[in-house]
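# Summary of structural features
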Amino acid sequence: MSFKFELNDRYKNIKEFLINIPEFFKENNETIHKARNELKVIEYRGIRTVVKAFKVPNVLNQIVYAYFRDSKAKKSYNNAVKLRNLGLNTPEPIGYIEFFKSGLFKESFFIAKKFDYKFTIREPLRNKSLENREDIIKQFVKFTFTLHKNGVYHKDFSAGNTLVSIKDNKYEFSVVDINRMEFKEIDLETGLDNFAKLWLDEDDILVIASTYAKLANVEEQKAIEILQKSDKKLKGFVEFKRKIRGKK
């Protein structure tokens, strides 16, 4: 089996870890998430890492990723490098590796330094009794606005994909699951629409839209109406899919 990889210059001393990551991954049992892809915390030479193993794609995509398109692991690494070069927070990328067999793309892994966090942004959005809840949400909006001002559009901006840490009584945000990103100019409608996947209630729509409006220096009511429309559209689409599945 052949492989291709890229390793952050700061971590050249753990090249062996990257190249042999399938074995390290199989032997480790610290899974922190498992669905389509799996994430594990693995420590090597005193460095705590999060390793993301991407599901082996179907045969067609094994050809596509081998010859025509960057893998999700490679995109994750490159996007992390871009974000950090822009001064935007995401866990420090260590490297990625792709494995091939008989000319076909097989396993792939993305490795980042573990970011210690208190909770994801899902917690303040769902827990109405959380201390400083509204302040956390407003600071999260400011963080998101900074992403947008730098031309960063996270295409999977769900509530579990922003990590929140607390340092010196200040909140720090770090964005993850970043293989699906676009780097482009972001207008008001696109920026506000980015919040729709958070599955907001009406109160949080008002807080988020009002905060974003102030940062963007636009009329508050206009921003509220845009986010309300995006929220309604997404929820309507999800409900429609549920009804279709229920009929089958």
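A brief report on the enclosed structure follows. In this text, all values refer to a predicted model and were calculated from it rather than measured experimentally. (Residues numbered from 1 in each chain as written. Predicted model: local features only at pLDDT ≥ 70, side-chain atom pairs only at ≥ 80, totals over all residues. Heavy atoms only, no water.)

### A word on the overall build of the protein
When helices and strands are counted, the protein shows nine helices and 11 strands. What you see for the protein is a C-alpha radius of gyration of 20 Å, in line with the 18 Å of a compact globule of 248 residues. Along the longest, intermediate and shortest principal axes, the C-alpha atoms of the protein span 55 × 50 × 35 Å. Across the 248 residues that make up the protein, the buried fraction comes to 46%. (Helix = DSSP H or I, 4+ residues; strand = E, 2+ residues; numbered from the N terminus. Rg over C-alpha atoms; globule rule 2.2 N^0.38 Å. Buried < 20%, exposed > 50% of the residue type's maximum accessible area, 1.4 Å probe, protein only.)

### As for the packing of aromatic side chains
Going through the model one piece at a time under the given rule, you end up with 18 aromatic pairs. Ring geometry for Phe3 and Phe99: centres 6.0 Å apart, planes at 55°, overall tilted. Linking Phe3 in strand β1 (residues 2–7) with Phe99 in strand β5 (residues 93–101), this pair joins segments that are 96 residues apart in sequence. Given a relative accessible area of 36%, Phe3 falls into the partly exposed group. An aromatic cluster of at least three residues, connected via ring pairs, comprises Phe140, Phe143, Phe145, Phe157, Phe173, Phe195 and Tyr212. Its guanidinium or amino end placed over the ring of Tyr153, Lys184 lies 4.8 Å from that ring's centre, counting from NZ or CZ. Across the ring face of Trp199, the terminal group of Lys235 is positioned such that the distance to the ring centre comes to 5.5 Å. (Phe/Tyr/Trp six-rings, centres within 6.5 Å; stacked < 30°, edge-to-face > 60°. Lys NZ or Arg CZ within 6 Å of the ring centre and 35° of its normal.)

### Comments concerning the pairing of strand β3 (residues 38–44)
A large share of β3 lies buried, amounting to six of its seven residues. Sheet topology places strand β2 (residues 31–34) next to β3; three bridges connect them, and they run antiparallel. Within β3, the residue paired with Thr31 across the bridge is Lys40. Here β2 hands over to β3 after three residues, the two strands then running antiparallel side by side. As paired elements, β3 and strand β4 (residues 47–54) share seven bridges and run antiparallel to each other. Residue Glu38 lies in a different strand from β4, and its bridge partner there is Ala53. Counting the residues in the hairpin turn of β3 and β4 gives two residues, including Arg45, whose phi is positive at 50°. (Pairing = 2+ DSSP bridges.)

### Things to note about the sheet that holds β4
Spatially, the six strands line up as an open sheet ordered β1-β5-β6-β4-β3-β2, and their pairing is antiparallel. Only two strands of the sheet have a single neighbouring strand rather than two, namely β1 and β2. The average angle at which neighbouring strand axes cross in this sheet is 20°, direction not considered. As judged from the seven bridges shared by β5 and strand β6 (residues 104–113), these two strands associate in the antiparallel manner. Bridge pairing in β6 links Tyr96 to Phe110. Across the sheet, helix α3 (residues 59–67) lies against β5 and β6, angled at about 65° from β6, the strand it touches most. (Axes fitted to C-alpha atoms, helices over the stretch in contact; angles between N-to-C directions. Contact = heavy atoms within 4.5 Å.)

### Here's the deal with a nonpolar patch on the surface
Together, Val59, Ile63, Tyr67 and Phe68 line one region of the surface with nonpolar side chains, adding up to about 470 Å² of accessible area. Turning to its location among the elements, Val59 is positioned in helix α3. With relative accessibility at 54%, the residue Val59 sits in the exposed group. (Patch = residues over 30% accessible without salt bridge, like charges linked within 9 Å, V, L, I, M, F, W, Y side chains within 5 Å. Areas by Shrake-Rupley, 256 points an atom, 1.4 Å probe, with all protein chains shown as cover. Salt bridge = Lys/Arg side-chain N within 4 Å of Asp/Glu carboxyl O.)

### Brief notes about the packing of helix α6 (residues 133–149) against helix α8 (residues 202–216)
In the contact formed by α6 and α8, the axes pass within 9 Å of each other and the chain directions differ by 45°. On the basis of their axis angle, the class for α6 and α8 is oblique. Crossing angle aside, the handedness with which α6 passes α8 is right-handed. Within the contact between the two elements, α6 uses Arg133, Glu134, Ile137, Lys138, Val141, Lys142, Phe145 and His148 and α8 uses Asp204, Val207, Ile208, Thr211, Tyr212, Leu215 and Ala216. Here the contact of α6 with α8 is built from residues that sort into eight nonpolar, two polar and five charged. (Parallel < 35°, antiparallel > 145°, perpendicular 65-115°, else oblique. Left-handed = near helix turned anticlockwise from the far one by under 90°. Nonpolar A, V, L, I, M, F, W, Y, C, P; charged D, E, K, R; others polar.)

The values reported here are purely geometric and, on their own, carry no functional implication.
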